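# Analysis of the macromolecular model
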Amino acid sequence: MITHIEACRQFQLDTAHASYVLTVVDEGYLAHVYWGKKLPVADMTDLLRIDENPFVPSKNERDRSSFFDTTPLEYPCAGIGDYREAAFDFVDAHGCRAGDLRYVSHRIYDGKPTLEGLPHTFATDAEPAETLEILLQDQPTGMTVLLSYTIFPQLDAVIRSAQVRNDGPAAYMLNRALSCSVDLENECSEMITLYGSWARERQLDRLPIRHGKQRVDSLRGESSHQYSPFFALVAPQTTEQSGSAYGFTLIYSGNFFAQAEMTQHGVLRAQIGINPDDFAWELQPGATFQTPEAVLVYSEEGLGGMSRCFHQLFHKHLIRSVWKDRSRPVLINNWEATYFNFDLEKLKGIADCAAKLGIELFVLDDGWFGHRDSDNCSLGDWSPDERKLPGGLKPLTDHITGLGMKFGLWFEPEMVSPDSDLYRAHPDWAIQIPGRPMTQCRGQYVLDFSRAEVRDAIWQQMKQLLDTVPISYIKWDMNRQLTEVGSAALPAHRQKELWHRYVLGVYALQEKLVTNYPDLLLENCSGGGARFDAGMLYYSPQIWSSDDTDAKERLRIQYGTSLFLPPSAMGAHVSVCPNHATGRNTPFETRGYVAMNGTFGYELDVTQLSAEDAAQIPDQIRRYHAWGHLVRNGLQYRLGNPFAPSACAAQMQDGWDAWIYVAEDRSEALFTFIQMTADPNLRSRRIRLAGLDPERHYTYAWNANTITRSGAYLMQCGIRIQNLWGDMKGCQIHLTAVQ
Ligand code: DGJ
């Protein structure tokens, strides 16, 4: 519920357990008052301390700059005295930089605005939304900013965005427009961020916040392997289950900026948005610029509560695909099985064997088009390689559909190889700076997706295939970062628009794909998980998490990802051992448990599997279909931490990981335990469960016995895990509430 207290010009946004409060202070400045555990509606403006030195400018003109530099401003500008990081910055007709945003009007309404061309959250009939819009204006130039705040009452999240509009007489250059800025004064003194690299995405950093600025960002044109568009602010005592956690993410897939700045008076300025570095956007009179949405989550139930709020919000209010609530077909992908080295017979052999074991979808990965025997050529020429696939895709798809399987295909639509017909015909379609050598990455260039004619040329090729063979699934890959960012279609002073225009172009083509083929199951990918962000979820219900399919590494990658993105979106496959990324051996059974903590599938040459491993596949598929709804729609409780040094000696926290998915009505649950390293002379472990109904009893099977325990017992005393001998051994237990 959103309440406006007119007397103190205060707005209070209340969700189930949280309140977010802001106010208009004297002279029209919009200030942040409070965000945290829910409070009764009341005048809270006292928290701003504007009855203390330096007071508001009208009471103390001589210290005007101190007012700006100390007041918790809701959308701070650069240039007039707030020396902390700004949210908004532009160059006026004099070539100067200053902004002074003041309140003009506000509006509170039921519903959620849509964002043209950008992924965005939406309301549903079952869970409606309420929105507060506040219009601010910089009087000397006429620039306005419309701040938008949406809440879904059952979720402790605030969705923020800003729309900048030039209502002045001249053109201005926008240099920065973050999606949100919030000045917090609370117990949070630690920051959690996610870092990584190719094959090692989303690793955990939790560090004390020092005075000054600490940031993660991307200037690679994608959200990146290296840092994720996410951070959390937590108290030192915040754990997985308890304590305050403030989470921030951006519904965006390009350059981002995420920063916490501890200022001189101990106030923490937290911000997220499009990276202002190398960003500029020309605004002619009357033109607007819309920022992506930021999602701000508050939880008093620790990191677990924060993550569950993100998961539910994205599942219910961001992912649109018809597949989001459906049991997805179990796929087999040929990449780790064959790489580029395959022909029709080889693929048919894999499909035959996979079909017999119950696998439902065959995905043909890279190497099927042009003359692509390696990653040196053919991107942009999306017609089948007749040497490998005589007669094109049809003989293969006929064979696969004849087996009762569905067919999926890999594309990398945004890329072009120097050795391709497309590049030879249109060299200017690649992103480049005239007169400068073009940097190759994986031997390829990036197409200028800001241009409609470039997108259309790719679309025509994809459509031709989609309309001639039955393609149920597409893997949309993106295997390099942007360099020499220049577009032949933009004038010199607007080149910095290209980063964002490129992302808008990617969104435009994905939108076209999913609206023209609404039943298509789209999986995004970027050299593994370099574009695993909330923006992509608007188009695809699943994203390939990492090129590292090693079960042990995946525990960390999937833990990190689950901090802010739903497990139902995490592409996760069982592959062969020794694992291609690490050389590590893990039991086939455990690889299945770990891949079931995501969208389950296989990525191996099933014809080469041992009989013992292959025999496990039908039962893995059965379990995925029987219990996968809990991963998709249930609540996830992380019970272990694959990064943790001993957090709880009694549970021997070192060396194991565990998680449980609990149905929303708590009638059933799926628990998984992985013993990462075996400890000698250790008795059975007791792992305390979470999320169950303490009042109900649950039954489960263990070693052919049926055990019944109360939810309270399982959560307080734990479930007993016995007799796991060896590293990376695990178990999966389904619990059902007794009627
Ligand atoms: C990177 C992806 O992450 C892999 O799964 C695979 O599709 C390769 N690209 C193909 O080039």
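None of these values were measured; they are calculated from a predicted model. (Residues numbered from 1 in each chain as written. Predicted model: local features only at pLDDT ≥ 70, side-chain atom pairs only at ≥ 80, totals over all residues. Heavy atoms only, no water.)

The subject of this paragraph is the overall build of the protein. Counting its secondary structure elements, the protein contains 14 helices and 38 strands. Here the C-alpha radius of gyration of the protein, 27 Å, is about what a compact globule of 739 residues would show, namely 27 Å. Counting over 739 residues, the protein shows a buried share of 62%. Considering only intrachain contacts with a sequence separation of at least 6, the fraction spanning at least 24 residues in the protein is 69%. (Helix = DSSP H or I, 4+ residues; strand = E, 2+ residues; numbered from the N terminus. Rg over C-alpha atoms; globule rule 2.2 N^0.38 Å. Buried < 20%, exposed > 50% of the residue type's maximum accessible area, 1.4 Å probe, protein only. Contact = heavy atoms within 4.5 Å.)

There is a patch of like negative charges on the surface, built from Asp43, Asp46, Asp51 and Glu52. Its location among the elements puts Asp51 in the loop between strand 4 (29-37) and helix 1 (64-70). Here Asp51 falls in the exposed class, since its relative accessible area comes to 56%. (Patch = residues over 30% accessible without salt bridge, like charges linked within 9 Å, V, L, I, M, F, W, Y side chains within 5 Å. Areas by Shrake-Rupley, 256 points an atom, 1.4 Å probe, with all protein chains shown as cover. Salt bridge = Lys/Arg side-chain N within 4 Å of Asp/Glu carboxyl O. Lys, Arg positive; Asp, Glu negative; His and termini not counted. Charge placed at Lys NZ, Arg CZ, Asp CG, Glu CD.)

With that settled, the discussion passes to the site of the ligand. With respect to spatial proximity, 13 residues lie near the ligand, and among them Asp365, Asp366, Lys475, Asp477 and Asp547 are the closest. Within the side chain of Asp366, one N or O atom sits 2.6 Å away from an oxygen atom of the ligand. Within the contact set of the ligand, an oxygen atom lies 3.1 Å away from a side-chain nitrogen or oxygen of Trp410. For the ligand, whose unbound accessible area comes to 290 Å², protein coverage reaches 98%. (Near = heavy atom within 4 Å. Polar contact = N/O pair within 3.5 Å; in protein donor to acceptor, adjacent residues only side chain to side chain.)

The subject of this paragraph is the sheet that holds strand 23 (residues 406-411). Around the barrel, eight strands lie side by side as 21-22-23-26-27-28-29-30; this closed barrel has parallel pairing. Averaged over neighbouring strand pairs, the angle between their axes works out to 30° when direction is ignored. Here four bridges tie strand 22 (residues 361-364) to strand 23, and the two strands are oriented parallel to one another. Of the residues in strand 23, the one forming a bridge with Phe362 is Phe407. (Pairing = 2+ DSSP bridges. Axes fitted to C-alpha atoms, helices over the stretch in contact; angles between N-to-C directions.)

Before going further, it helps to examine the packing of helix 11 (residues 588-595) against helix 13 (residues 617-633). When two helices pack together, their arrangement is given by the angle between the helix axes and the distance between those axes. As a packed pair, helix 11 and helix 13 sit with axes 11 Å apart at the nearest point and diverge in direction by 20°. Between helix 11 and helix 13, the angle falls in the class roughly parallel. Handedness of the helix 11/helix 13 crossing: right-handed. Facing Phe588, Glu589, Gly592 and Tyr593 of helix 11, the residues of helix 13 in contact are Ile617, Gln620 and Arg623. The class makeup of the residues in the contact of helix 11 with helix 13 is three nonpolar, two polar and two charged. (Parallel < 35°, antiparallel > 145°, perpendicular 65-115°, else oblique. Left-handed = near helix turned anticlockwise from the far one by under 90°. Nonpolar A, V, L, I, M, F, W, Y, C, P; charged D, E, K, R; others polar.)

Let us now look at the layout of surface pockets. In this structure, the second largest pocket spans a volume of roughly 580 Å³. Along the walls of the second largest pocket sit 28 residues, with Leu47, Arg49, Pro72, Glu185 and Val267 positioned nearest its centre. Elements represented by at least two residues in the lining of the second largest pocket include exactly strand 4, helix 1 and strand 10 (172-184). The leading source of residues in the lining of the second largest pocket is strand 4, at six residues. Across the lining of the second largest pocket, the residue classes break down as 14 nonpolar, eight polar and six charged. (1 Å grid on protein atoms, 1.4 Å probe; cavity = no way out; pocket = protein on both sides within 12 Å on 5 of 7 lines; lining within 4 Å. Points joined across faces, edges and corners; volume = space filled by probe spheres on them.)

You can see Thr590 is positioned in helix 11. A relative accessible area of 0% places Thr590 in the buried class. Not counting chain neighbours up to four residues away, the residues in contact with Thr590 comprise Ile674, Met728, Lys729 and Gly730.

This part takes up the nonpolar core. Judged by nonpolar contacts, the single largest core of 174 residues is most densely connected at Leu174, Leu233, Phe248, Leu364, Trp368 and Tyr602. When residues of this core are assigned to domains, at least three fall in each of domain 1 (2-317) and domain 2 (331-363 + 391-456 + 468-632). The residues contacting Trp368, other than those within four sequence positions of it, are Phe342, Trp382, Ser383, Pro384, Asp385, Leu389, Leu393, Leu409, Trp410, Phe411 and Leu465. Core analysis: the second largest hydrophobic core is formed by 25 residues, Trp656, Ala669, Phe673 and Leu714 among them. (Core = buried A, V, L, I, M, F, W, Y, C linked by side-chain atoms within 4.5 Å. Domains from an automatic or database assignment.)

On the secondary structure map, Glu201 appears in the loop between strand 11 (190-195) and strand 12 (203-208). Classification of Glu201 as buried rests on a relative accessible area of 0%. A sequence separation of 152 residues divides Glu201 from Arg49, and the C-alpha atoms of the two residues are 43 Å apart. Contacts of Glu201, omitting those with residues within four sequence positions, involve Tyr195, Gly196, His225, Gly527, Gly528, Gly529, Ser545, Ser546, Asp547 and Ile557.

For the rest of this paragraph, the subject is the state of the cysteines. Scanning the model with the defined rule gives zero disulfides in all. The thiol sulfur of Cys309 is not disulfide-bonded, and the nearest other cysteine sulfur, from Cys180, lies at 15 Å. (Disulfide = S-S within 2.5 Å.)

This part is about the domain arrangement of the protein. By the assigned domains, the protein splits into domain 1 (2-317), domain 2 (331-363 + 391-456 + 468-632) and domain 3 (639-737). Placing a centre on the C-alpha atoms of domain 1 and another on those of domain 3 gives a separation of 39 Å.

Glancing now at the pairing of strand 2 (residues 10-14). Among the five residues in strand 2, five count as buried, and that is most of the element. Of the two faces of strand 2, both are covered, the one formed by Gln10, Gln12 and Asp14 as well as the one formed by Phe11 and Leu13. In the sheet, strand 1 (residues 2-5) pairs with strand 2 via four bridges, with the strands oriented antiparallel. By the bridge assignment, His4 is partnered in strand 2 with Phe11. With antiparallel pairing between neighbouring strands as the criterion, strand 1 and strand 2 make up a hairpin whose turn holds four residues, including Arg9 at a positive phi of roughly 50°. In terms of strand pairing, strand 2 meets strand 3 (residues 18-25) through five bridges, oriented antiparallel. Looking across to strand 3, one finds that Leu13 is bridged to Tyr20. Count of turn residues in the strand 2/strand 3 antiparallel hairpin: three residues.

Overall, the coordinates contain 49 salt bridges when judged by the stated rule. Among the salt bridges present, the one from Arg107 reaches Glu133, with a minimum N-O distance of 3.4 Å. A residue pair is termed long-range when its members are at least 10 positions apart, and Arg107 in strand 6 (residues 101-110) and Glu133 in strand 7 (residues 130-138) qualify at 26 residues. With its nearest N and O atoms 2.6 Å apart, the salt bridge here joins Asp366 to Arg372. The exposure class assigned to Asp366 is buried, which follows from its relative accessible area of 2%. Look at the salt bridges and you will find they share partners, linking Asp82, Arg84, Asp183 and Arg269 into a network.

Right, let's get into empty space enclosed by the protein. Evaluation of the coordinates by the stated rule reveals ten cavities of 30 Å³ or more. Size it by volume and the largest cavity reaches roughly 120 Å³. Around the largest cavity, the lining is made up of 13 residues, and of these Tyr29, Leu73, Tyr75, Cys77 and Leu101 lie nearest the centre. For the lining of the largest cavity, the per-class residue count stands at ten nonpolar, one polar and two charged. Approximately 80 Å³ is the volume found for the second largest cavity. Considering the residues around the second largest cavity, the lining is formed by Leu555, Gln558, Tyr559, Ser562, Asn597, Gln636, Arg638, Gly640, Pro642, Asp657, Ala658 and Trp659.

Another point: the packing of aromatic side chains. Tallied over the entire structure, the rule returns 36 aromatic pairs. With a centroid separation of 5.8 Å and 50° between ring planes, the pair formed by Tyr20 and Tyr149 is classed as tilted. Here Tyr149 lies in strand 8 (residues 143-151) and Tyr20 lies in strand 3, a separation of 129 residues in the sequence. By relative accessible area, which is 0% here, Tyr149 ends up buried. Ring geometry for Phe88 against Phe90: centres 5.4 Å apart, planes inclined by 40°, an arrangement best described as tilted. Judged by its relative accessible area of 1%, Phe88 falls in the buried class. Exposure remark for Phe90: the relative accessible area of 1% places this residue in the buried category. Members of the aromatic cluster, each reached through a chain of ring pairs, are Tyr20, Trp35, Tyr149, Phe231, Tyr246, Phe248 and Tyr298. (Phe/Tyr/Trp six-rings, centres within 6.5 Å; stacked < 30°, edge-to-face > 60°.)

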